[in-house]
Amino acid sequence: MSRPGRDFDPRRWDESDVRARPSKKGSRPRTKDRPTHGEALVGRVVTVDRGRYTVQVSDEDGTRDITAMRAKELRRNPVVTGDLVGVVGDLSGREGSLARIVRIEDRSTVLRRSADDSDAYERVVVANVDILVIMVAAANPEPRTGFIDRALVAAYDAGIDPILCITKTDLRDPADLLSHYRHLDLEVLTSGAAETAQTPPPGGDADLDAGLLAALRTRLEGHISVLVGPSGVGKSTLLNALTGTRRATGHVNAVTGRGRHTSSSALAIPLPYSGGSGGSWLVDTPGIRSFGLGLVDRDRVVEAFEDLAPALADCPRGCLHAAGEPGCALDAWVAAGHAGVSGPERLASLRRLLDGRSDAAAGER
């Protein structure tokens, strides 16, 4: 081992006064605390388009629509039409301005569906509505009780009040359709008394009845409502008449009997009622041909059929309510006439839902 020479000076190797440059990476302590954004302005999402959200806000500068994006911390939280959100940033609403959504307020209701009955992935149609207007036409396109039943189940599951709205009654008397729901406590609005059935013009749509329009205007005032229904039944036409907007409308294909999708995204529009209580909104949705119920429990599906639900009390625990199920009380309930003349059809419709088949595949009518 070598020994230091006589000229070795340990002070020359003292590094106590050397200043080390701090590393930029990890120099600041991390924190999980997120800003509360207490200053965020709360507005309502009126539509969503490819990652950009149109939000209506109101403050001392008035009411206006702004464009916003989701904050990074909300990337796993879907924002949908009808949501109340907190926004910060450029709230001027000027062209090219962009705000940031930093908070989603608690939702009062969520109308949801799945792609089909075997799909457990939630697709939120709209949030914070209290009335679901299920629109069908008496003819052109043909009404499907399967679709109506599915929409009713989704409404009851979400705690939303459903209204069945039937248009184009000048083309066909809706009596047969209404008989299917006469034992339900279901609010129904139709146009004026149906006249002799007429042959609809190729691809033509019947005009909205003035009485139906007035009834809907009164019923929806003070509420946040959403329209659902197949394409071609007049949703956008109705929305234009109630709100004064120019939502695109389409026609029904005379060969297929189906409407063309004219709405590509859900759109919420305030109802311009003079002297109203305020807070009246109407949401138009894209034409929905399938209303999957993969997220709804089997007993909840039965409970949505108010004329059949009392039979649940006599069903054994874990009953699947299928045809031929041992001990299922639904057949005896219907046979006793408790569900009315349409009871067998209602039970068949219920069991189609429980079978896990989409209404398109089952051909429900």
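Shown above is the structure to which this text applies.
Computed from a predicted model, the values in this text were never measured in an experiment. All residue numbers here refer to positions counted from 1 along the written sequence of the relevant chain. In keeping with the predicted nature of the model, local features appear solely for residues at pLDDT of at least 70, side-chain atom pairs appear and are counted solely at 80 or more, and the whole-chain, interface and lining totals rest on all residues. Hydrogens and water are ignored here; the side-chain numbers use all heavy atoms of the structure.

Chemist: What is the right way to look at the overall build of the chain in this model?
Modeler: By definition, any uninterrupted DSSP run of H or I lasting at least four residues is a helix, any uninterrupted run of E lasting at least two residues is a strand, and each is numbered from the N terminus. Along the backbone of the chain there are 8 helices and 13 strands. Note on classification: 1.4 Å probe, protein chains only; a residue is buried when its accessible area is under 20% of the maximum for its type, exposed when over 50%, partly exposed between these limits. Looking at the chain as a whole, 45% of its 365 residues qualify as buried. Taking as baseline every contact in the chain between residues at least 6 positions apart, the subset at least 24 positions apart corresponds to 67%. As displayed, the chain has an accessible area near 20,200 Å², and 48% of this comes from carbon and sulfur atoms. Any pair of residues with heavy atoms lying within 4.5 Å of one another is described as a contacting pair. Per-residue and other accessible areas follow the Shrake-Rupley method at a 1.4 Å probe size, with only the shown protein chains counted as cover for residues.

Chemist: Looking at this model, I keep getting lost on the pattern of salt bridges. Mind explaining?
Modeler: Where charged atoms from two side chains of opposite charge come close, those side chains can pair. We count a salt bridge whenever a side-chain nitrogen from Lys or Arg sits within 4 Å of a carboxyl oxygen from Asp or Glu. Under the definition given, this model contains 12 salt bridges. The residue Asp 331 makes a salt bridge to Arg 351 at a minimum N-O spacing of 2.9 Å. With Asp 331 in helix H6 (residues 330-335) and Arg 351 in helix H7 (residues 343-354), this pair connects stretches of sequence that are 20 residues apart. For Asp 331, a relative accessible area of 36% gives the class partly exposed. Note on Arg 351: relative accessible area 10%, which makes it buried. Via salt bridges that share partners, Arg 112, Asp 157, Arg 300 and Glu 303 belong to a single interconnected network.

Chemist: Could you clarify how one ought to interpret the packing of helix H3 (residues 210-220) against helix H4 (residues 235-243) in this entry?
Modeler: When two helices pack together, their arrangement is given by the angle between their axes and by how far apart the axes lie. To obtain an axis, a line is fitted to C-alpha atoms, over the contacting stretch when the element is a helix, and the angle between two such axes runs from 0 to 180 degrees between their N-to-C directions. Between H3 and H4, the least distance of the axes is 11 Å, while the angle of their chain directions is 70 degrees. Viewed along their axes, H3 and H4 adopt a mutual orientation that is roughly perpendicular. The element H3 and its partner H4 pack so that their crossing is right-handed. Listed contacts from H4 to Leu 213, Leu 216, Arg 217 and Leu 220 of H3 are Leu 238, Ala 241 and Leu 242. Side-chain classes are defined by residue name, with Ala, Val, Leu, Ile, Met, Phe, Trp, Tyr, Cys and Pro counting as nonpolar, Asp, Glu, Lys and Arg as charged, and the others, Gly among them, as polar. For the contact of H3 with H4, a count of residues per class yields 6 nonpolar, no polar and 1 charged. Roughly parallel refers to an angle under 35 degrees, roughly antiparallel to one over 145, roughly perpendicular to one between 65 and 115, and oblique to any angle outside these ranges. Working rule for handedness: look at the near helix, and if it is turned counterclockwise from the far one by less than a right angle, call the crossing left-handed; if clockwise, right-handed.

Chemist: Could you clarify how one ought to interpret the sheet that holds strand E5 (residues 99-104) in this entry?
Modeler: In any sheet, the strands associate via hydrogen bonds between backbone groups, in a parallel or an antiparallel arrangement. Strand order around the closed barrel formed by 5 strands is E1-E2-E3-E5-E4, with mixed pairing between neighbours. Along the sheet, successive strands turn relative to each other by an average axial angle of 55 degrees, direction set aside. When DSSP finds two or more bridges between a pair of strands, those strands are recorded as paired. Pairing geometry for strand E1 (residues 41-49) and strand E4 (residues 84-89), over 4 bridges, is antiparallel. The residue of E4 that forms the bridge with Gly 43 is Val 85.

Chemist: Hey, could you run me through the environment of Asp 185 in this one?
Modeler: Position of Asp 185 relative to the elements: it lies in the loop between helix H2 (175-179) and strand E10 (187-190). Using a relative accessible area of 67% as the deciding quantity, one classes Asp 185 as exposed. Separated by 122 residues in the primary sequence, Asp 185 and Asp 307 have C-alpha atoms spaced 9.0 Å apart.

Chemist: For this particular structure, what's the right way to read H4?
Modeler: By the criterion of burial, H4 is predominantly enclosed, with 7 of the 9 residues buried. Within H4, burial applies to Lys 235, Ser 236, Leu 238, Leu 239, Asn 240, Leu 242 and Thr 243. Gly 244 sits one or two positions beyond H4 and adopts a positive phi of about 80 degrees.

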